[in-house]
Amino acid sequence: MTVRIAHTAAVQKFFETASGFEQPGGNPRMKAIVHRVLTDTIKVIEDLDISTEEFWAAVHYLNQLGARQEAGLVVAGLGLEHYLDLRLDAEDAAHGQLGGTPRTIEGPLYVAGAPLCEGQARLDDGRDPGTPLFMQGVVRDVAGQPLAGAVVDVWHANTGGTYSYFDPSQSEFNLRRRIVTDAEGRYRFQSIVPSGYGCPPDGPTQQLLDQLGRHGQRPAHVHFFISAADHRHLTTQINLAGDQYLHDDFAYATRDELIAEIRFSEDAAQAKAHGVAGRFAEIDFDFVLQPTVEPKAQGRRERVRALEA
Ligand code: MBD
Ligand code: FE
């Protein structure tokens, strides 16, 4: 049986002191959060009879997560980032804010400031031998009206499942663009068909997933931030139909409305019309934004992101 002291007045008082409750300075919100985390932590230690060795292994694990920049990865893998979406969905439902393309997680691999293009863009630098992909669609409001001048900020992995910037072997902003929709609300781009993502096999996230008996794979997917004046910012992704991990995503981002059909073709005339030779792929996907008058809701949520000013 584990020895219990967390509930005693002396220990409770001690963690109030450690949380700065007796100090006039500091941030009351941070004091409240730290106090709750500390008292819940010691409760976990006692309830699960955490050994001293397990405690120090956890401290070492946090150091490894930081050293490998994987804190954002492990929160996706443990479902916490998806939980934030579920919580926002519930909040929207409570406010009757329904309709539009569903949100899903941003993930840890966005880079701000990708080149801005009008109506259409080429995302790949021509160095990845992947299958050419032609994706297009319309950004609309909930009444079905096209939104001209909306920004489609798109990013995805290469055929190795890695992202430019985080993979320094790729060129700057490879597979990342911001596309402004045309007068008909239309965006289109040429890229390459991405591969699914796998957690670094030697990293701390995969190490933990191994302990849970889980894999660290995502289906092939394409990320989007969609924004337009007087509309709510949308963070979402499409996940590609047919992928073996479509309904077994380690980050739980797949939603039924976000599954995109991908058409592969070897039609020579169509390939020529696209300006490519041989096999290519096409995806059509429209986005629908909810209205808002709130300026803050029109931008992405604050988060430390690569190259964000
Ligand atoms: C990804 O590409 C991703 O989208 C998420 C959510 C986590 C890890 C890698
Ligand atoms: Fe991703």
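Now for a quick tour of the structure. (Residues numbered from 1 in each chain as written. Chains lettered and ligands numbered in written order. Predicted model: local features only at pLDDT ≥ 70, side-chain atom pairs only at ≥ 80, totals over all residues. Heavy atoms only, no water.)

Focus on the coordination of the iron ion (ligand 2)
Tyr163 (OH), His221 (NE2) and His223 (NE2) make up the full set of protein donors to the iron ion (ligand 2), lying at 2.0 to 2.1 Å. Read from N- to C-terminus, the donor residues coordinating the iron ion (ligand 2) fall into the pattern Y-x57-H-x1-H. In this pair, the class of histidine 221 matches that of histidine 223, namely buried. (Donors = N, O, S within 2.8 Å, 3.2 Å for Na, K, Ca; no water. Buried < 20%, exposed > 50% of the residue type's maximum accessible area, 1.4 Å probe, protein only.)

So, the site of ligand 1
Residues in close proximity to ligand 1 include Leu73, Ile105, Gly107, Pro108, Leu109, Tyr163, Tyr197, Arg218, His221 and His223, which together make up its full environment. At a separation of 2.8 Å, an oxygen atom of ligand 1 approaches a polar side-chain atom of tyrosine 163. Histidine 221 is positioned such that a nitrogen or oxygen atom in its side chain is 3.1 Å from an oxygen atom of ligand 1. When the free accessible area of ligand 1 is taken as 270 Å², the share hidden by the protein chains comes to 100%. Its atoms largely coinciding with the cavity grid, ligand 1 occupies the largest cavity. Residue classes in the shell around ligand 1 are distributed as 6 nonpolar, 3 polar and 1 charged. (Near = heavy atom within 4 Å. Polar contact = N/O pair within 3.5 Å; in protein donor to acceptor, adjacent residues only side chain to side chain. Areas by Shrake-Rupley, 256 points an atom, 1.4 Å probe, with all protein chains shown as cover. 1 Å grid on protein atoms, 1.4 Å probe; cavity = no way out; pocket = protein on both sides within 12 Å on 5 of 7 lines; lining within 4 Å. Sits in = over half its atoms within 2 Å of the grid points. Nonpolar A, V, L, I, M, F, W, Y, C, P; charged D, E, K, R; others polar.)

Quick word on the nonpolar core
Phe189, Phe224, Ile238, Ile283 and Phe285 are the most contacted members of the largest nonpolar core, which totals 30 residues. Elements with a minimum of two residues in this core: strand E3 (132-141), strand E4 (151-156), strand E6 (186-192), strand E7 (221-227), strand E8 (234-240), strand E11 (280-284) and strand E12 (287-289). The residues touching phenylalanine 285, leaving out its near neighbours within four places in the chain, are Met135, Gln136, Gly137, Val138, Tyr187, Ile238, Glu257, Leu258, Ile259 and Ala260. Within the second largest apolar cluster, 16 residues are counted, among which are Leu109, Tyr110, Ala112 and Ala157. (Core = buried A, V, L, I, M, F, W, Y, C linked by side-chain atoms within 4.5 Å. Helix = DSSP H or I, 4+ residues; strand = E, 2+ residues; numbered from the N terminus. Contact = heavy atoms within 4.5 Å.)

Topic: empty space enclosed by the protein
Applying the stated criterion across every chain yields a total of 1 cavity of 30 Å³ or more. Computed from the structure, the largest cavity encloses a volume of approximately 90 Å³. Listed by contribution, the elements that provide at least two residues to the lining of the largest cavity are helix H4 (71-77) and E7. Its residues assigned to classes, the lining of the largest cavity shows 9 nonpolar, 3 polar and 1 charged. (Points joined across faces, edges and corners; volume = space filled by probe spheres on them.)

Some thoughts on a nonpolar patch on the surface
A cluster of nonpolar side chains, contributed by Val75, Leu78, Leu80, Tyr83, Leu84 and Leu212, occupies part of the molecular surface with about 550 Å² of accessible area. No other element matches helix H5 (residues 80-94), which puts 3 residues into the nonpolar patch. Along the chain, leucine 80 falls in helix H5. Overall, leucine 80 belongs to the partly exposed group, its relative accessible area being 48%. (Patch = residues over 30% accessible without salt bridge, like charges linked within 9 Å, V, L, I, M, F, W, Y side chains within 5 Å. Salt bridge = Lys/Arg side-chain N within 4 Å of Asp/Glu carboxyl O.)

Quick look at the pattern of salt bridges
A side chain of one charge can pair with a side chain of the opposite charge if their charged atoms are brought near each other. As enumerated under the stated definition, the model contains 20 salt bridges in all. Here aspartate 47 makes a salt bridge to lysine 43, at a shortest N to O gap of 3.1 Å. Of this pair, aspartate 47 and lysine 43 both sit in helix H2 (residues 28-47), separated by 4 residues, roughly a single helical turn. Here aspartate 47 falls in the partly exposed class, since its relative accessible area comes to 39%. Residue classification places lysine 43 among the partly exposed positions, given a relative accessible area of 47%. Across the pair arginine 305 and glutamate 308 runs a salt bridge whose closest N-O atoms are separated by 3.0 Å.

A closer look at the sheet that holds E7
Here we have 6 strands laid out as an open sheet, ordered E1-E5-E4-E7-E8-E9, and mixed in their pairing. For this open sheet the edge positions go to strand E1 (116-118) and strand E9 (259-260), each flanked by a neighbour on one side alone. Of the strand pairs in this sheet, E7 and E8 are connected by 6 bridges, and their pairing is antiparallel. Residue pairing across strands places histidine 223 opposite glutamine 237, the latter belonging to E8. (Pairing = 2+ DSSP bridges.)

What about the layout of surface pockets?
One number sums up the size of the largest pocket: a volume of about 1,400 Å³. Among the secondary structure elements, those contributing two or more residues to the lining of the largest pocket are H5, E8 and E12. Top contributing element to the lining of the largest pocket by residue count: H5, with 11 residues. Partitioning the lining of the largest pocket into residue classes produces 14 nonpolar, 11 polar and 18 charged. Reported here for the second largest pocket is a volume of approximately 670 Å³. Contributing to the lining of the second largest pocket are 26 residues, with Arg68, Gln69, Pro108, Leu109 and Phe166 lying nearest its centre. Looking at the lining of the second largest pocket element by element, the count peaks at 3 residues for H4.

It is worth stressing that arrangement in space is one thing and function is another; only the former is reported here.
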